[in-house]
Amino acid sequence: WYQPAVEPVRHIPQQATAASESAQNRILLKGGKVVNHDRMFDADVYIEDGYIKQLGKDLVIPGGTRTIDATGKMVMPGGIDTHTHMELPFGGTVAVDDFYHGTRAALAGGTTMIMDFVLDGKGVLPLDAYNKWMDKAGAKVCCDFSFHMGLTWWNDKVKEELPILCKEKGINSFKVFMAYKDLFMLRDDEILDVLKTCKSLGAIVQVHAENGDVIDENCKKLLALGITGPEGHLMARPEEVEEEATHRAIMLADQVNCPLYVVHVMCKGAADAVRRARMRGAVVFGEPIAASLGTDGTHYFNKCWRHAAGHVMAPPLKDATTPEYLLNLLANGDLECTGTDNCTFNADQKALGKDDFTKIPNGVNGVEDRMSVIWEKGVHSGKMDPCRYVAVTSTNAAKIFNIYPRKGHIAVGSDADVLVWDPTATRTISAATHHQKVDFNIFEGMECHGVPLIVISQGRVVLEDGQLHATRGVGRFIPTPCYSQYVYNRIQTRDVSRAPQKVDREAYDGPVIEIKMED
Ligand code: URP
Ligand code: ZN
Ligand code: ZN
Ligand code: ZN
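Cut-offs applied
Residues numbered from 1 in each chain as written. Chains lettered and ligands numbered in written order. Predicted model: local features only at pLDDT ≥ 70, side-chain atom pairs only at ≥ 80, totals over all residues. Heavy atoms only, no water. 1 Å grid on protein atoms, 1.4 Å probe; cavity = no way out; pocket = protein on both sides within 12 Å on 5 of 7 lines; lining within 4 Å. Points joined across faces, edges and corners; volume = space filled by probe spheres on them. Nonpolar A, V, L, I, M, F, W, Y, C, P; charged D, E, K, R; others polar. Helix = DSSP H or I, 4+ residues; strand = E, 2+ residues; numbered from the N terminus. Axes fitted to C-alpha atoms, helices over the stretch in contact; angles between N-to-C directions. Parallel < 35°, antiparallel > 145°, perpendicular 65-115°, else oblique. Left-handed = near helix turned anticlockwise from the far one by under 90°. Contact = heavy atoms within 4.5 Å. Buried < 20%, exposed > 50% of the residue type's maximum accessible area, 1.4 Å probe, protein only. Polar contact = N/O pair within 3.5 Å; in protein donor to acceptor, adjacent residues only side chain to side chain. Pairing = 2+ DSSP bridges.

Engineer: Explain empty space enclosed by the protein to me, using residue names and the numbers behind them.
Structural biologist: Counted under the stated rule, the structure contains four cavities of 30 Å³ or more. Residues that form the lining of the largest cavity fall into these classes: ten nonpolar, five polar and two charged.

So this is what it looks like as structure tokens:
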């Protein structure tokens, strides 16, 4: 059987961090309704030294503890954003929200952990890229974080490093690209080898599913027709480009029975491919993002170039009926968890592609607004209950990436990443008031019900009364161990139940023709 999962809940306090060991680190959230993925219940939550120490009614707690009144509010796990690209070098420039501004904004919106992609160019070995990302992130992050490893090229030297990343560096997820031809794209035979290698390590393969060859061809065709604006980005990547690649990735993963996680599910066809595969029993997870749930691709046709370019990301946003379709599948369990693909560029950076849409740096915001957008579209609309909301914004991610119940759960022993959530309060999203560094917001003007009143990260209050108290560099790297039970238990059973069976039969003993060699 598989290695036992590391017991992630620790009852022994870690070494003291900068601000610990004071009464400030003892917090009682009193009178709220705790919301977990499986149930809601009235309970007080006592936090000490970064952990949830007690949960229930009539708790006996030390004197001098700060009490926060949560009456009439919900107390839920902080969000986990499964997909960010802080300060990503892309298209000759660097994403403007770095690990400081990006995670600070995350906290402002109720996200207390990000999973960022280590994504370096061809020729850089994964361990070197990992160290680079660790240096960049470690000095700046304001909340806990983990890494997914992007595999932008593939050969024996790259392959050799995967066991080290899995066993010593806390990585259990590897992303391959079927798009970005000549930049990040791998061929099917390479992807198959990645799948086999990851399977042998108990890791998860993530896929950017778009047909890169078709996109490359379409871009040339559109530019030749004089279509140089952001609408060309969508035209070059019609729905079937994403749908076909999603289907192909699922098929490839199924051949070797490796778990597959489809990042940024942006269209109906891709979501349906995931849904159908899950109905057949395949171990596949789909991740819609705040952008695909909260806005759509009609913006590519906006007359304002900056507005249209502000929505350019890959795969692109699709038609106006897509967000609700994806939301329905997320609500009903076909799609599993949510990220943002937060990768932001200012107007002057997007302008690198002012005369050629293929040169617009790809990416949009989301890390700050995901929690509110999904509450508005999911819970306020009546599609999800608060438990499902918690599942798709934190718990399922924690389970897939094997950090549950340390993260994604309100329980004794879990990390104190906790929100006091007001389901009735509203806020209007705007670039003028957001905490991100980027000068644009794809959700501009959206009024959202569901606002974090208090955000607690690592047991410290980082947001209250609208004031943000994020601290640079205090976020911890959270290792993600391989062989997540949530993912690999079924893989293991399917290895046995689907093993090819030889047919025992009598040997053929009749005549066989002879093939004559011609010269
Ligand atoms: O447009 C996007 N998505 N930029 C970030 C890189 C990626 O493909 O996730
Ligand atoms: Zn991608
Ligand atoms: Zn505009
Ligand atoms: Zn991405």
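Engineer: Account for unusual backbone geometry, with residues named and values stated.
Structural biologist: Backbone torsion omega between Ala314 and Pro315 reads -10°, so that peptide bond is classified as cis. Following Tyr404, the chain continues into Pro405 via a peptide bond in cis, with omega recorded as 5°. Mapped onto the secondary structure, Pro405 falls in the loop between α14 (386-400) and β17 (418-428). Notably, Asp182 is not glycine yet its phi reads approximately 70°, a positive angle. Its location among the elements puts Asp182 in the loop between β13 (173-177) and α4 (188-201).

Engineer: Tell me about the packing of helix α8 (residues 268-279) against helix α11 (residues 322-332), residues and numbers included.
Structural biologist: Contact geometry for α8 and α11: axes closest at 10 Å, N-to-C directions at 15°. Of the possible angle classes, the one that applies to α8 and α11 is roughly parallel. As for how α8 packs across α11, the hand of that crossing is left-handed. Along its contact with α8, which presents Lys268, Ala271, Asp272 and Arg275, the element α11 presents Thr322, Tyr325, Leu326 and Leu329.

Engineer: Would you mind going over the environment of Asp120 in detail, with residue names and values included?
Structural biologist: Relative to the helices and strands, Asp120 resides in the loop between β11 (111-118) and α2 (126-138). In this structure Asp120 comes out as buried when scored by relative accessible area, which is 15%. In this structure the C-alpha to C-alpha distance between Asp120 and Leu151, which are 31 residues apart in sequence, comes to 8.4 Å. Setting aside residues up to four positions removed in sequence, Asp120 forms contacts with Ala129, Lys132, Trp133, Thr152 and Phe184. A distance of 2.6 Å separates a polar atom in the side chain of Asp120 from a polar atom in the side chain of Lys132.

Engineer: Please provide a residue-by-residue account of the pairing of strand β7 (residues 74-77), values included.
Structural biologist: Bridge count for strand β2 (residues 33-35) against β7 is two bridges, and the pairing is parallel. If you follow Val34 over to β7, its bridge partner there is Val75. Relative to β17, β7 runs antiparallel, the two sharing four bridges. Looking at the pairing, Pro77 lines up with Val418 of β17.

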